[in-house]
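Each chain, written out:
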Amino acid sequence: MFKNKVKLFLQKVLGFNNYLFLFSIYTIKRLYNNKHEVEFLYFLSILPSDKTLLDIGANIGIMTVPLAQKAINGKVYSFEPMPQNIIALQRVIKYYKLKNVTLFETALGNEPGELKMVMPIINNVKMQGLSHVVDENNPEEGEHFTLPVKRLDDIVELQNAESIGGIKIDVENFEFEVLSGAKQLLLKHKPPIYCELWDNEKRTRTIDYLTNQIGYQVKIYDGEKLVPFTKQDVTNFFFVA
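The paragraphs below set out a description of the structure included in this document. From a predicted model like this one, the values you see are computed outputs, not experimental measurements.

Here's the deal with the side chain of Glu37
Part 1 of the argument: Inspection of the secondary structure puts Glu37 in the loop between helix H2 (16–30) and helix H3 (38–45).
Part 2 of the argument: Residues within four places of Glu37 in sequence aside, it is in contact with Leu31 and Met63.

Given below as structure tokens:
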């Protein structure tokens, strides 16, 4: 509750766009000492520095920056559909002088068109990190948007990419749809994937799809190394060929 009161105060005093930008910079600077990000940092350590990396659900750039700093001889393609997140992400890219990042202002899914998305508002606090595709059966308070959606397999830059070296994806329970729209890319490149999967039927579908149709192994990080997933109580997953 106290944390949300601080957020509300800062959003009002700074303005929401400035709040997002400053929050991103603050979080990036603390990333390497954040015990909650040890899994992402491990993922970062196994990525190549000379290939194309994808940040899907880039939000306000907290993961885009370290990915770009890793890919010193490669590229980062960041995908983010929410308008205010995009403004912050553009400012972050400029602030860090990232010349190897291309921003795609679109959602991703298993078919092109449009998606209805929402940025939740909880106790008057805008929760940009929880932005997600609208569940028509569970309407909620927030800022609603109708935004473009594409399939990864239809992105020309990815079709022409020599090698995809890794994918970070965090799209709030929409991972199955995004990865379903990337079947040809995944079969061709077999990049390691780091993603959050909620404990529901979509997790099961995503794991079944990636293991049975693409040929991945599903792993988790035990604090030192990757180990097989055997129904441990986790939310972050690694998929490796």
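What follows picks up the thread again.
Examining helix H5 (residues 83–95)
In an α-helix, one turn spans 3.6 residues; hence positions three or four apart end up facing the same way.
Part 1 of the argument: Here H5 is 13 residues long and its end C-alpha atoms lie 19 Å apart, about the 18 Å a rise of 1.5 Å per residue gives.
Part 2 of the argument: Along H5, the residues classified as buried are Gln84, Asn85, Ile86, Ala88, Leu89, Val92 and Ile93.
Part 3 of the argument: Note on H5: the residue one or two positions beyond its end, Lys97, has a positive phi of about 55 degrees.

What about a nonpolar patch on the surface?
Part 1 of the argument: A cluster of nonpolar side chains, contributed by Val6, Phe9, Leu10, Val13, Leu14 and Leu22, occupies part of the molecular surface with about 490 Å² of accessible area.
Part 2 of the argument: Tracing the chain through its elements places Val6 in helix H1 (residues 2–14).

With respect to the environment of Ile214
Part 1 of the argument: Here Ile214 shows up in helix H9 (residues 201–214).
Part 2 of the argument: Judged by relative accessible area, Ile214 falls into the buried class, the value being 4%.
Part 3 of the argument: Taking the C-alpha atoms as reference points, Ile214 and Phe104, separated by 110 residues in sequence, lie 25 Å from one another.
Part 4 of the argument: If sequence neighbours within four positions are ignored, Ile214 has contacts with Lys183, Leu186, Leu187, Lys190 and Tyr209.

As for the packing of aromatic side chains
Part 1 of the argument: Using the criterion set out here, one finds 14 aromatic pairs in the structure.
Part 2 of the argument: Taking the centre distance of 5.8 Å and the plane angle of 15 degrees together, the rings of Tyr19 and Phe23 count as stacked. Taken together, the positions of Tyr19 and Phe23, both in helix H2 and four residues apart, correspond to about one turn of that helix.
Part 3 of the argument: Judged by relative accessible area, which is 4%, Tyr19 ranks as buried.
Part 4 of the argument: Measuring from centroid to centroid gives 5.0 Å for Tyr95 and Tyr96, while their planes differ by 80 degrees, and the two rings are edge-to-face.
Part 5 of the argument: Positioned over the ring face of Phe21 is Arg91, at 4.2 Å from the centre of the ring.
Part 6 of the argument: Its guanidinium or amino end placed over the ring of Phe16, Lys126 lies 4.7 Å from that ring's centre, counting from NZ or CZ.

A look at the pairing of strand S8 (residues 142–150)
Part 1 of the argument: Where strand S4 (residues 107–108) and S8 come together, two bridges link them in parallel fashion. In the sheet register, Ala107 faces S8, and the bridge partner there is Val149.
Part 2 of the argument: Where strand S5 (residues 113–122) and S8 come together, eight bridges link them in antiparallel fashion. Residue Lys116 lies in a different strand from S8, and its bridge partner there is Thr146.

The rules behind the values
Residues numbered from 1 in each chain as written. Predicted model: local features only at pLDDT ≥ 70, side-chain atom pairs only at ≥ 80, totals over all residues. Heavy atoms only, no water. Helix = DSSP H or I, 4+ residues; strand = E, 2+ residues; numbered from the N terminus. Contact = heavy atoms within 4.5 Å. Expected span 1.5 Å × (residues − 1). Buried < 20%, exposed > 50% of the residue type's maximum accessible area, 1.4 Å probe, protein only. Patch = residues over 30% accessible without salt bridge, like charges linked within 9 Å, V, L, I, M, F, W, Y side chains within 5 Å. Areas by Shrake-Rupley, 256 points an atom, 1.4 Å probe, with all protein chains shown as cover. Salt bridge = Lys/Arg side-chain N within 4 Å of Asp/Glu carboxyl O. Phe/Tyr/Trp six-rings, centres within 6.5 Å; stacked < 30°, edge-to-face > 60°. Lys NZ or Arg CZ within 6 Å of the ring centre and 35° of its normal. Pairing = 2+ DSSP bridges.

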